Amino acid sequence: GLRVERVGSLPCSHSSRQQPSGMMAMMTLLLSATAGALVTPPARSLHVAAWQGAAVTADVPANVARVATEVAAAGREGVEVLLFPEMFLHGYDATEEQLRELALTQDSPELKQVAEAAAGAGVCVGVPYAERDGEALFNSMAVFDATGELVCNYRKVNLWGDWEQGLFQRGAPGSF
């Protein structure tokens, strides 16, 4: 189950003078989605959790069910933002053939189920998945706000290693 470990507070603010990149940009977006807008001090505490665990390789329905279960548990624990590991809906160790066959579009029924879970628990959720856009595949993260609205679909920009670089298209720098 979900184990919430409180290690401090994360202020929900961001200076507009600097342009965040990579994971910092993702966190800024998640914080913004949870707060409703970029806020200025005084900042409030925000309960953020990263779920750590293995996906069931190439079993998207099982992984979506796990996301829904953990989102509900996070909501009961007062978590406001819940993040899942890279490629969680498909499993990072899925083969190229499995990813090409099982890749999702942004409007897929599976992502709609994640949106419903987010809305039901009132939790902002970041869930990574293999995204299909035409013939291109992306290593993506769908971000839903606490009402279940898709507020961002981030496509990984800095692909790591030969496997990722050979399989996935690079996301546009600075795009959300």
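Below is a summary of the structure that appears in this document. (Residues numbered from 1 in each chain as written. Predicted model: local features only at pLDDT ≥ 70, side-chain atom pairs only at ≥ 80, totals over all residues. Heavy atoms only, no water.)

A few words now on the overall build of the protein chain. Looking only at helices and strands, the protein chain has five helices and five strands in total. Counting from the amino terminus, helix and strand elements in the protein chain follow one another as α-β-α-β-α-α-β-β-β-α. Per-residue burial for the protein chain yields a buried fraction of 43% across its 176 residues. In the protein chain, the proportion of contacts linking residues at least 24 apart, taken out of those at least 6 apart, comes to 62%. Carbon and sulfur atoms make up 51% of the accessible area of the protein chain, which amounts to about 9200 Å² in all. (Helix = DSSP H or I, 4+ residues; strand = E, 2+ residues; numbered from the N terminus. Buried < 20%, exposed > 50% of the residue type's maximum accessible area, 1.4 Å probe, protein only. Contact = heavy atoms within 4.5 Å. Areas by Shrake-Rupley, 256 points an atom, 1.4 Å probe, with all protein chains shown as cover.)

Moving on: the packing of aromatic side chains. All told, the structure shown has five aromatic pairs when counted by the stated rule. When the ring of Trp-163 is compared with that of Phe-168, the centres are 5.7 Å apart and the planes differ by 85°; the resulting orientation is edge-to-face. Judged by its relative accessible area of 3%, Phe-168 is buried. Members of the aromatic cluster, connected to one another through ring pairs, are Trp-51, Phe-84 and Phe-88. Directly above the ring of Phe-138 sits Arg-155, whose terminal nitrogen or CZ lies 3.9 Å from the centroid. (Phe/Tyr/Trp six-rings, centres within 6.5 Å; stacked < 30°, edge-to-face > 60°. Lys NZ or Arg CZ within 6 Å of the ring centre and 35° of its normal.)

Below, the discussion takes up the side chain of Asp-145. Locating Asp-145 in the fold gives a position in the loop between β4 (136-144) and β5 (150-155). One buried charged residue, Asp-145, remains without a salt bridge, the closest side chain of opposite sign being Arg-44 at 12 Å. Of the polar contacts made by the side chain of Asp-145, one reaches the side chain of Thr-147; its length is 2.6 Å. (Lys, Arg positive; Asp, Glu negative; His and termini not counted. Salt bridge = Lys/Arg side-chain N within 4 Å of Asp/Glu carboxyl O. Polar contact = N/O pair within 3.5 Å; in protein donor to acceptor, adjacent residues only side chain to side chain.)

All right, on to the nonpolar core then. In terms of nonpolar packing, the biggest core is built from 25 residues, with Leu-82, Leu-89 and Val-127 touching the most fellow members. The set of elements that each furnish at least two residues to this core consists of α2 (60-76), α4 (109-121), β3 (124-133) and β4. Discounting chain neighbours no more than four positions away, the residues touching Val-127 are Val-67, Leu-89, Leu-111, Val-114, Ser-140, Met-141, Ala-142 and Phe-144. (Core = buried A, V, L, I, M, F, W, Y, C linked by side-chain atoms within 4.5 Å.)

Applying the stated criterion across every chain yields a total of seven salt bridges. Between Arg-100 and Glu-96 there is a salt bridge whose closest N-O contact spans 3.1 Å. Of this pair, Arg-100 and Glu-96 both sit in helix α3 (residues 96-102), four residues apart, roughly one helical turn. With relative accessibility at 38%, the residue Glu-96 sits in the partly exposed group. Of the charged contacts, one joins Arg-155 and Glu-131 as a salt bridge, the two residues approaching to 2.8 Å between their closest N and O atoms. Pair noted here: Arg-155 is in strand β5 and Glu-131 is in strand β3, with a separation of 24 residues, a long-range link. Residues participating in the shared-partner salt-bridge network are Glu-86, Lys-156 and Glu-164.

Between two packed helices, what matters for the description is the angle formed by their axes and the separation of those axes. Relative orientation of the contacting elements α2 and α4 amounts to 10°, with a least axis distance of 8 Å. It follows from the interaxial angle that α2 and α4 lie roughly parallel. In this structure, α2 contributes Val-60, Val-64, Val-67, Ala-68, Val-71, Ala-72 and Gly-75 to the contact, and α4 contributes Glu-110, Gln-113, Val-114, Ala-117, Ala-118 and Ala-121. (Axes fitted to C-alpha atoms, helices over the stretch in contact; angles between N-to-C directions. Parallel < 35°, antiparallel > 145°, perpendicular 65-115°, else oblique.)

Even without being glycine, Ala-58 reaches a positive phi, approximately 60°. With respect to the helices and strands, the residue Ala-58 is situated in the loop between β1 (48-50) and α2. Exposure remark for Ala-58: the relative accessible area of 24% places this residue in the partly exposed category. Positive phi values are uncommon outside glycine, yet Met-87 reaches one of about 60°. With respect to the helices, strands and loops of the structure, Met-87 is situated in the loop between β2 (81-83) and α3. Looking at Met-87, the relative accessible area reads 0%, which means it is buried.

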